[in-house]
Amino acid sequence: MTDAPDGGRPAGSRPPAASSFSSSDDETLPGSDASSARPAPAAPADGRLVATTGAARTASPGAGGAGGAAFPDREGAGAAPEPRFEAYGPAAARPVERRGPGAHRAMRRDTGDIDNMLVVLADPAAARGSSGARQRFGLYDGVAPDVNRGGRLASWYVLEAAVAWVAGRVVVAAALGLVHFLTGSVADNGGKLDHTGLLGWDAGWYESIATHGYGGAGEESRRFFPLLPLLVRGLCALPGLAGRQGAVLLVVVNALAFALTVLLARLARAEGFSDPAIRRVIWLSALAPPAFVLAMGYAEAPAMLLAVGAFLAARSGRFGLAGLAGLLSGLCRPLGLLLVAPMAIEAARGPRSASPRWWLPRFAAVVSPAAGAAIYVAWSAATYHDGLAPLTMQRDAVRHGAAGNPLSVLWDAAQGTIHGEVGTGLHVPWLLAALVALVLMARLLPASYPVWCALVLLTVFTGSNLDSSERYVFGAFPFVLVAALALGRRTVWPFALAASVTVMTVYATLTFTLAYVP
């Protein structure tokens, strides 16, 4: 074997394989080292040693060689750690690795940027516990420092939320237009298609309570908690708004739906979500299949907004605000009671103190959801001598139903498809997906989130009637956060969003034709 004319590597040897490290084709995770995405410098041809460090990579000058080029790390100048040297000869002798199509993607997955949620779900060793699973998705174990300091909200959150909010209203308007077309077509053929609009179903009850009060709306109206109708009633006392309860109700809930999307983006930022993941959170909160109820006169928008506010305040240590949000949440929906559990978990975090300044706000945050519900129950007892009626009415067979075995409830619902009850059978896949998402949530998010969602699911599963179960699950907003993480691939997200919009249109159309209970 003869030496090369330039005195470098042997003429018959293979050239060294160039190292190629590229960033993920989905998104760069927060906290990942950007230097891992740079191509390694080519080895010199004169047999010199190559020095590599974490902060800079330099080629040591040899006889007659030029000075080495430096590759500064993104964290700036600093003392470089001890270099590691690799002789050129063994590196040059390695055979060239031949890769088939798609091998570069497998190589990227080997670098640790695992974006397949099934790995976190099915392989505990790969995820290295819940903390390791969160780190693989760039999530913080605590709260993002800028959010914890009360930093300003990024302007693009608001703009993105506005676009998503408008898109959600366009989808609902399209469903209403389709219903109007179907109604006209059926009428032209001598038939009649029953239908409703944005003030249909439960929205009609809220409008009636805001207009006539609980006494004028009927005994059954007491199952609807008072926060939303009281807000509408108070606004209608303003000049020019008297007698416009329906319009005011729709304006209020749609404005609160926009605030919900913005605040949920803020919470995702607090938990360390990357910007692409936050964008997915924003769009899913506006275009998830059950999200059409946010455009109707339902209490979902204020209830979800208060829940997000309670979590964000408690996670960032502002327990006074968490207590206020919890109190209003208890006045808004019966499920607001369940916020007691996650608030207790958050109140127990961190160092403890006997000072009232430490424990009093935390205690208030824990008991405030129950206190809010207790206020309404006490009023009901004083006025109608049946304080528990707002809760027991929900157990009627035509509503949530009496408590039952969750497995039997699911099996009966699945059999409904065989007996022509397709709407009942459609609840089953959504609830099974929610169970899978709950397992993922337990690995990816702090304990307060899966505990709260588990209580919501338990409430759904123990009722013999699964109507509205999709709306209840959507109201537990951490499921939206998990879905945003699960749909992180660029090749998956556009199709998932398109499918979500399609299903949302279908569900809204079925709701407005009275074929589906929202």
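Residues numbered from 1 in each chain as written. Predicted model: local features only at pLDDT ≥ 70, side-chain atom pairs only at ≥ 80, totals over all residues. Heavy atoms only, no water.

Another point: the overall build of the protein chain. When helices and strands are tallied, the protein chain shows 23 helices and three strands. Classification of the 518 residues of the protein chain by burial places 43% in the buried group. Partitioning the intrachain contacts of the protein chain with sequence separation of at least 6 by distance along the chain shows that 73% fall at a separation of at least 24. A total accessible area of about 24900 Å² is found for the protein chain, and carbon and sulfur atoms account for 64% of it. (Helix = DSSP H or I, 4+ residues; strand = E, 2+ residues; numbered from the N terminus. Buried < 20%, exposed > 50% of the residue type's maximum accessible area, 1.4 Å probe, protein only. Contact = heavy atoms within 4.5 Å. Areas by Shrake-Rupley, 256 points an atom, 1.4 Å probe, with all protein chains shown as cover.)

Another aspect to go through is the side chain of Asn254. The residue Asn254 is located in helix H10 (residues 245-270) in this model. Exposure remark for Asn254: the relative accessible area of 11% places this residue in the buried category. Looking at Asn254, its side chain comes within polar contact range of the side chain of Arg169, at 2.8 Å. Asn254 has contacts with Trp165, Arg169, Leu294 and Ala295, leaving out every residue within four places of it along the chain. (Polar contact = N/O pair within 3.5 Å; in protein donor to acceptor, adjacent residues only side chain to side chain.)

On to the side chain of Thr511. Relative to the helices and strands, Thr511 resides in helix H23 (residues 493-512). A residue is classified by how much of its surface remains accessible, and Thr511, at 0% relative accessible area, is buried. When neighbours within four sequence positions are excluded, Thr511 is seen to be in contact with Thr196, Trp201, Phe292, Met296, Tyr516 and Pro518.

Our next topic: the pattern of salt bridges. A full pass over the atoms with the stated rule returns nine salt bridges. A salt bridge links Arg471 to Asp202; its shortest N-O distance comes to 3.8 Å. Residue Arg471 is found in helix H21 (residues 469-475), and its partner Asp202 is found in helix H8 (residues 202-217); the two are separated by 269 residues along the sequence. Note on Arg471: relative accessible area 6%, which makes it buried. Judged by its relative accessible area of 17%, Asp202 is buried. Here Arg315 makes a salt bridge to Glu346, at a shortest N to O gap of 3.5 Å. Here the residue Arg315 occupies a position in helix H12 (residues 300-315), and Glu346 occupies one in helix H14 (residues 340-347), the gap between them amounting to 31 residues. For Arg315, a relative accessible area of 5% translates into the label buried. Through salt bridges with shared partners, a single ionic network connects Asp202, Glu300, Arg333 and Arg471. (Salt bridge = Lys/Arg side-chain N within 4 Å of Asp/Glu carboxyl O.)

It is worth spelling out the nonpolar core at this point. The nonpolar side chains of a soluble globular protein tend to be buried with one another. The biggest cluster of nonpolar side chains holds 82 residues, and the ones touching the most others in it are Phe273, Phe292, Trp452, Phe477, Phe479 and Leu481. Beyond its immediate stretch of four places on either side in the chain, Phe479 contacts Ala434, Ala437, Leu438, Met441, Cys453, Leu457 and Val473. (Core = buried A, V, L, I, M, F, W, Y, C linked by side-chain atoms within 4.5 Å.)

On to the confidence of the model for the protein chain, then. In this model, the protein chain carries an average pLDDT of 78, and 66% of its residues clear a pLDDT of 70 or more. Counted against residues more than four places away or in other chains, residues 1-92, with its pLDDT under 50, gives 115 contacts. In this model, residues 96-120 is a region of pLDDT below 50 whose contacts with residues beyond four sequence positions or in other chains number 36 contacts. (pLDDT = per-residue confidence, 0-100.)

Let's shift gears to the packing of aromatic side chains. In total, this model carries 16 aromatic pairs according to the counting rule given. Their ring planes at 70° and their centres at 5.2 Å tell us that Tyr206 and Phe224 sit as a pair that is edge-to-face. One end of the pair, Tyr206, is in helix H8; the other, Phe224, is in the loop between H8 and helix H9 (227-235), and 18 residues separate them in sequence. On the basis of an interplanar angle of 90° and a centroid distance of 6.3 Å, the ring pair of Tyr449 and Phe477 is categorised as edge-to-face. With Tyr449 in helix H20 (residues 448-461) and Phe477 in the loop between H21 and helix H22 (478-486), this residue pair connects regions lying 28 residues apart in the sequence. On the accessibility criterion, Tyr449 (0% relative accessible area) is buried. The structure contains a cluster of three or more aromatic residues connected by ring pairs, namely Tyr214, Phe225, Tyr376, Trp379 and Tyr384. Across from the ring centre of Tyr384, 4.3 Å away, lies the NZ or CZ of Arg222, which sits over that ring. Directly above the ring of Trp156 sits Arg279, whose terminal nitrogen or CZ lies 4.1 Å from the centroid. (Phe/Tyr/Trp six-rings, centres within 6.5 Å; stacked < 30°, edge-to-face > 60°. Lys NZ or Arg CZ within 6 Å of the ring centre and 35° of its normal.)

As a further point, take unusual backbone geometry. Among all residues save glycine, negative phi is the norm, and among peptide bonds the norm is trans. We note that Trp201 has phi near 55°; this positive angle belongs to a residue other than glycine. Tracing the backbone shows Trp201 in the loop between helix H7 (155-188) and H8. Phi at His385 takes a positive value of approximately 55°, unusual for a residue other than glycine. The topology assignment puts His385 in the loop between helix H15 (356-384) and helix H16 (389-392). We classify His385 as exposed; its relative accessible area is 71%.

Together, Trp359, Leu360, Phe363 and Val367 make up a nonpolar patch on the protein surface, roughly 370 Å² of accessible area in all. Tracing the backbone through its elements, the reader meets Trp359 in helix H15. (Patch = residues over 30% accessible without salt bridge, like charges linked within 9 Å, V, L, I, M, F, W, Y side chains within 5 Å.)

Our next topic: H7. The end-to-end C-alpha distance of H7 is 50 Å, a good match for the 50 Å that 34 residues give at a rise of 1.5 Å each. Every buried residue of H7 is listed here: Tyr157, Glu160, Ala161, Ala164, Gly168, Arg169, Val171, Val172, Ala175, Val179 and Thr183. Buried residues in H7 make contact with H10, helix H11 (275-287) and H23. At the C-terminal side of H7, Gly190 shows a positive phi close to 85°. (Expected span 1.5 Å × (residues − 1).)

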